[in-house]
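# Architecture at a glance
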Amino acid sequence: MIVFRITFMLRCNEDATSARHQQSGNATMNNSATSSAAESSTRTMTLIDNATGRRWELPIIDGSLGPQVVDVRKFYADTGMFTYDPGFTSTASCDSAITFIDGDEGILLHRGYRIEDLAAKSDFMEVCYLLLHGELPNLKQKTKFEHDITYHTMLHEQMMYFYRGFRRDSHPMAIMVGVVGALSAFYHDSTDITDPYQRMVAQHRLIAKMPTIAAMAYKYSIGQPFVYPRNDLSYAENFLHMTFSVPAEEYKVRPVLARAMDRIFILHADHEQNASTSTVRIAGSSGANPFACIAAGIASLWGPAHGGANEAVLNMLQEIGHKDRIPEFIERAKDKNDPFRLMGFGHRVYKNYDPRAKVMQASCYEVLDELGIQDDPLLELAMELEKIALEDPYFVEKKLFPNVDFYSGIILKAMNFPTSMFTVLFALARTVGWVAQWTEMIEDPSHRISRPRQLYNGYAQREFVPIDKRS
Ligand SMILES: CC(C)(COP(=O)(O)OP(=O)(O)OC[C@H]1O[C@@H](n2cnc3c(N)ncnc32)[C@H](O)[C@@H]1OP(=O)(O)O)[C@@H](O)C(=O)NCCC(=O)NCCS
């Protein structure tokens, strides 16, 4: 195969330093986020083909925070070439005004509010409203929103039969993908995605029904009867009630656990254009049913490199078993010939401590304290592992810090959730983020079907060989 190699020189046509990078440590200063398309700056970049001397000028676009982007939308039409970026490490796939992450500084903002403030001072229903509507609700708006969510928590009775079709030992994420996908069959004709009212009802249904679906997946796996939602309970209380109560006796939700559950939901609510969110956007870009798009997001979240990591962290801690074995596993994580990775460490965007991990760590102590769990061996092991890894030159040089999944598994285990439910809880909480991002895309008049290009490296056109002539 012949390979053509062209070297380009990219030159910035204004002598400004990277203004966006300079702002990164100062995320609250430029707070003029708009929900409209990003603004073009006066800067351009010139692309020069060093073989022919041909030049192309590319516009540079400003966001309100974060790196500027080079607009390559007309690149193919102008140059006849594609850009190449597998894994999207340098590619912005959309405009968004929902979530901002500064991975170098460890900052996460939802609609401009720091995640630490939201976790400490707000609750999940407020965060849902904020993600969907762009502003924190006033009391009247919050009361109405909570009412709208509460009154959509029940599932169509026919849906119970879906559960019976699964084996009892099915992974609850498999059940989630199936049942949430099946919701599209119940709400297809009533979901006209061009109608704002119907979009809003779909948003409410998804956020409201997810705890019921998740709790039922758990109940089914342990052979207990499904527990119906209760409208007098908060979102987190209701989920704990549907998961842990049985018809035979009264179940009282402990306030500290409800608060911890609510905080876990807040910490997982959205995280800009990660794999599952991009999956939801890509699925939705064709105009597909939103319930089916969320099922696609759940499938993407399931993998151990994404939402499946919380389950993988606990399995890893159990496998390590004792502090004495930590050095052995650290060495394995560093060995390029060993597929083992330290689960709950590293992140595509964060090259600093994940701010969610800090809140999660504090929550973890609160929950263990409330439950009277002292000297929990897994927590001690996790803390020792974190300490050793944070001092190890390999992890320091590669900027591998604990992420949100590192501590969430320990809390969830203490709360009595089986490991197989960990990613389900992540999916439940992330549904609002998926729905907000899907809505933002549908409401963007410039959105088009997502259709990436490729660098083809297969055969060139060749003659068909009849079967009797094939070797
Ligand atoms: C999250 C993750 C998928 C990010 O992947 P990514 O952005 O593609 O980063 P890479 O896989 O290119 O990793 C960069 C380097 O760090 C190393 N690395 C990343 N995470 C690591 C980990 N958890 N343990 C050991 N080494 C790790 C890689 O081997 C790679 O080394 P190299 O440059 O010598 O090849 C990755 O860090 C990971 O697999 N973490 C564990 C799973 C996890 O906790 N996921 C939850 C994310 S919220």
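Note that residues are indexed from 1 along each chain, following the sequence as it is written. Per-residue local features of the predicted model are confined to residues with pLDDT of at least 70, and side-chain atom pairs are confined, for both listing and counting, to 80 or more; whole-chain, interface and lining totals are unaffected and use all residues.

Burial along strand β6 (residues 107-110) is two-sided: Ile107 and Leu109 facing one way and Leu108 and His110 facing the other are all buried. Should DSSP find at least two bridges between two strands, the strands are regarded as paired. Numbering of helices and strands starts at the N terminus; helices are DSSP runs of H or I of at least 4 residues and strands are runs of E of at least 2. Here four bridges tie strand β5 (residues 99-102) to β6, and the two strands are oriented antiparallel to one another. If you follow Asp102 over to β6, its bridge partner there is Ile107. Hairpin connection between β5 and β6: a loop of four residues separates the two successive antiparallel strands, and Gly106 in this loop has a positive phi of roughly 70 degrees. Bridge count for β6 against strand β7 (residues 113-114) is two bridges, and the pairing is antiparallel. Each residue of the ladder has a partner; that of His110, found in β7, is Tyr113. Between the antiparallel neighbours β6 and β7 lie two residues, among them Arg111 with a positive phi of about 50 degrees. Here a residue counts as buried when 20 or more other C-beta atoms fall within 10 Å of its C-beta, as exposed when 12 or fewer do, and as partly exposed in between; the C-beta atoms come from the backbone.

A few words on the sheet that holds β5. Reading across from one edge, β5-β6-β7 is the order of the three strands in this open sheet, with antiparallel pairing throughout. Each of the sheet's edge strands pairs with one partner strand only, and the pair in question is β5 and β7.

Another point: the site of the ligand. Lining the immediate environment of the ligand, one finds 16 residues, of which Ala309, Arg341, Phe345, Gly346 and Arg348 sit closest. Only Asp, Glu, Lys and Arg are considered charged, only Ala, Val, Leu, Ile, Met, Phe, Trp, Tyr, Cys and Pro nonpolar, and every remaining residue, Gly among them, polar. Of the residues assigned to the shell around the ligand, the class counts are eight nonpolar, four polar and four charged. Only the C-beta atom, placed from the backbone, is used; a residue is near a molecule or strand if that atom lies within 6 Å of it.

This part is about helix α8 (residues 196-222). In this model, α8 (27 residues) spans 40 Å end to end at C-alpha, consistent with the 39 Å of a helix rising 1.5 Å per residue. Consider a residue and the seven residues that end there alongside the seven that start there; fitting an axis to each set, the bend is the angle between those axes. Lys209 marks where α8 bends most, by close to 35 degrees; the proline Pro211 follows one to four residues later. Counting buried positions along α8 yields 19 of 27 residues, so the element is predominantly enclosed. Looking one or two residues beyond α8, the residue adopting positive phi is Gly223, at roughly 75 degrees. By this rule the span expected of a helix is its residue count minus one, scaled by 1.5 Å.

Turning to the environment of Gln198, a few remarks are in order. Mapped onto the elements of the fold, Gln198 is located in helix α8. C-alpha of Gln198 to C-alpha of Arg259: the two residues are 61 residues apart in sequence and 32 Å apart in space.

Each nonpolar core reported here comprises buried Ala, Val, Leu, Ile, Met, Phe, Trp, Tyr and Cys residues connected via C-beta atoms within 7 Å. Residues Met176, Val180, Ala214, Ile298, Ile411 and Leu425 are the most contacted members of the largest nonpolar core, which totals 108 residues. Here Val180 is in contact with Ile213, Phe291, Ile294, Ala295 and Ile298, once residues within four sequence places are set aside. Contact between residues is assigned whenever the C-beta positions, reconstructed from backbone atoms, fall within 7 Å.

This part takes up unusual backbone geometry. Apart from glycine, the bulk of residues carry a negative phi angle, and the bulk of peptide bonds sit in the trans form. One non-glycine residue with positive phi stands out, namely Arg111, at about 50 degrees. Secondary-structure assignment places Arg111 in the loop between β6 and β7. Positive phi values are uncommon outside glycine, yet Glu272 reaches one of about 45 degrees. Tracing the backbone through its elements, the reader meets Glu272 in the loop between α10 (255-267) and α11 (275-284). Given 19 C-beta atoms within 10 Å, Glu272 falls into the partly exposed group.

Taken over all residues, the pLDDT of the protein has a mean of 89, while the share at 70 or more is 91%. Confidence of the predictor at the level of single residues is given by pLDDT, which spans 0 to 100. Every residue in residues 1-6 is under pLDDT 50, and counting partners more than four places away or in other chains gives two contacts. Residue range residues 15-36 is modelled with pLDDT below 50. Its contacts to residues more than four positions away, or to other chains, number 29 contacts.

Spanning 16 residues, helix α15 (residues 355-370) covers 23 Å between terminal C-alpha atoms, matching the ideal 22 Å at 1.5 Å per step. Among the residues making up α15, those that are buried are Pro355, Arg356, Ala357, Val359, Met360, Gln361, Ser363, Cys364 and Val367. Of the surrounding elements, those touching the buried residues of α15 are β6, α3 (115-121), α10, α16 (377-391) and α18 (405-414). Of the residues flanking the end of α15, it is Gly372, one or two places downstream, whose phi is positive at about 65 degrees.

Relative to the helices and strands, Phe162 is located in helix α6 (residues 160-164). In this structure Phe162 comes out as partly exposed when scored by C-beta crowding, with 19 C-beta atoms within 10 Å. The spatial distance from the C-alpha of Phe162 to the C-alpha of Ile213 is 11 Å, given a sequence separation of 51 residues. Discounting chain neighbours no more than four positions away, the residues touching Phe162 are Gly178, Val179 and Ala182.

What follows concerns the pairing of strand β3 (residues 55-62). Note that β3 and strand β4 (residues 69-70) share two bridges and pair antiparallel. Within β4, the position partnered with Ile61 by the bridge is Val69. Two successive antiparallel strands, β3 and β4, enclose a turn made up of six residues, where Gly66 displays a positive phi of approximately 85 degrees.

On to the packing of helix α13 (residues 309-320) against α18. To define axes, lines are fitted to C-alpha atoms, for helices over the stretch in contact only, and angles between the resulting N-to-C directions are given on a 0 to 180 degree scale. Orientation of α13 relative to α18, taken along the N-to-C sense of each, is 75 degrees, at an axis distance of 8 Å. Considered as vectors, α13 and α18 are oriented roughly perpendicular to each other. For the pair α13 and α18, contact is made by Ala309, Asn310, Glu311, Val313 and Leu314 and by Asp405, Phe406, Ser408, Gly409 and Lys413, respectively. Per-class residue counts for the contact of α13 with α18 are four nonpolar, three polar and three charged. Oblique is the label for any angle not under 35 degrees, not over 145, and not in the 65 to 115 range, which are roughly parallel, roughly antiparallel and roughly perpendicular in turn.

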